[in-house]
Amino acid sequence: MNCAYRVAYSRINALVIVGEGLADSHFRLLAGLLPEDRDDLMRLAAMEGRHARDFAGCGRELGIRPDLPLAQRLFAPLHRLFREAVRTGDRLSALVIQCLIVESFAVAAYRCYQPVADAYAAPILQMVLDDEAQHLQYGQRWLAVRFPEVAAPIEACCGRAVPIVLAMLNAVRADLTAIGIDPGELVGEFVGCFQAAIEMVGFEPRQARGLVARLAGQAVAVGV
Ligand SMILES: [Fe+2]
Ligand SMILES: [Fe+2]
């Protein structure tokens, strides 16, 4: 394993560990906002905590120390947006950010990592992907029963949060390439997964495509 690979892996592995740790804390905060679903949400939070530990194990297995400060810096804007939603009691935005956007990002990243993963990480990735599908489904169900009233606030929230995710992705383009993931393919996978998620909520395929194209277009305009 060469030095460039190790540096890139330490950043991507950290991003995954920090993302999973934040997902754990986000589901706990959601449990506070949605007391009727508290048990379910605490169960999802515990799954995220286990993912964070399992991915930390993947780095240890390769003898690579994750660059956690960098990952915390990269995740800060999205985490701030989530905390703001919690602070104002905005359940819908908190759910959209974690369950639709972060989970779509996670699924896309793990799917793209699967073909190049080492033998230790491969079974972990498969288990985690199955779990993340459940997290997406939780958010989709909550929003779907409130559709179409939630359509406009979902669009507004996505307008703020999706460009942040795409900017994060852009910040680690070179690292993704160095560990064998094509950044363009990852963006495509995220767009596909996110579009499918909002269609499950109730958006017509045409509307979903339009929303995603607008958001991706904004990202291109700002150089993502
Ligand atoms: Fe997770
Ligand atoms: Fe998740």
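Refer to the preceding data block for the structure.
Residues numbered from 1 in each chain as written. Chains lettered and ligands numbered in written order. Predicted model: local features only at pLDDT ≥ 70, side-chain atom pairs only at ≥ 80, totals over all residues. Heavy atoms only, no water.

Trainee: Explain the coordination of the iron ion (ligand 1) to me, and be specific about the residues and the numbers.
Mentor: Within the protein, E20 (OE), E20 (OE), E48 (OE), H51 (ND1) and E132 (OE) serve as the donor atoms for the iron ion (ligand 1), at 2.0 to 2.7 Å. For the iron ion (ligand 1), the donor residues sit on a single chain with the sequence spacing E-x27-E-x2-H-x80-E. The distance between the iron ion (ligand 1) and the iron ion (ligand 2) is 3.5 Å, with E48 acting as a donor to both metals. Taken as a pair, E20 in helix α1 (residues 3-33) and E48 in helix α2 (residues 38-61) lie far apart in primary sequence, 28 residues in all. A single burial state applies to E20 and to E48, both of which are buried. (Donors = N, O, S within 2.8 Å, 3.2 Å for Na, K, Ca; no water. Helix = DSSP H or I, 4+ residues; strand = E, 2+ residues; numbered from the N terminus. Buried < 20%, exposed > 50% of the residue type's maximum accessible area, 1.4 Å probe, protein only.)

Trainee: Give me the lowdown on the coordination of the iron ion (ligand 2), citing residues and values where you can.
Mentor: Under perfect tetrahedral coordination by four donors, a metal shows angles of 109.5 degrees; under perfect octahedral coordination by six donors, it shows angles of 90 or 180 degrees. The coordination sphere of the iron ion (ligand 2), as far as protein atoms go, consists of E48 (OE), E103 (OE), E103 (OE), E132 (OE) and H135 (ND1), spread over 2.0 to 2.3 Å. Each donor residue of the iron ion (ligand 2) belongs to the same chain, with the gaps between them written as E-x54-E-x28-E-x2-H. The class for E48 is buried, based on a relative accessible area of 1%. In this structure H135 comes out as buried when scored by relative accessible area, which is 0%.

Trainee: Explain the nonpolar core residue by residue, including any values.
Mentor: Core analysis: the largest hydrophobic core is formed by 83 residues, its most contacted members being L30, F55, V96, I101, I154, F190 and F194. Elements with a minimum of two residues in this core: α1, α2, α3 (68-87), α4 (91-113), α5 (121-144), α6 (151-171), α8 (183-201) and α9 (205-221). Sort the elements by how many residues they give to this core and α4 lands first, with 16 residues. Other than its neighbours up to four places away in sequence, I101 contacts V96, C158, A161, V162, V165, F190 and F194. (Core = buried A, V, L, I, M, F, W, Y, C linked by side-chain atoms within 4.5 Å. Contact = heavy atoms within 4.5 Å.)

Trainee: Can you break down the side chain of D131 residue by residue, with the values?
Mentor: Assignment of secondary structure puts D131 in helix α5. At 2.7 Å, the side chain of D131 and the side chain of H51 are in polar contact. Leave out the neighbours within four places in its chain, and D131 touches M47, R50 and H51. (Polar contact = N/O pair within 3.5 Å; in protein donor to acceptor, adjacent residues only side chain to side chain.)

Trainee: Tell me about the side chain of D24, residues and numbers included.
Mentor: Along the chain, D24 falls in helix α1. According to the relative accessible area criterion, D24 is buried, its value standing at 15%. For D24, the contacting residues outside a window of four places in its chain are A45, E48 and G49.

Trainee: Account for the pattern of salt bridges, naming residues and giving values.
Mentor: Tallied over the full model, the rule gives 7 salt bridges. For D175, the salt bridge is made with R11, and the minimal N-O distance between the two is 2.9 Å. Linking D175 in helix α7 (residues 173-178) with R11 in helix α1, this pair joins segments that are 164 residues apart in sequence. Classification of R11 as partly exposed rests on a relative accessible area of 30%. A salt bridge links D131 to R50; its shortest N-O distance comes to 3.1 Å. With a gap of 81 residues between them, D131 in helix α5 and R50 in helix α2 connect regions that are remote in the sequence. (Salt bridge = Lys/Arg side-chain N within 4 Å of Asp/Glu carboxyl O.)

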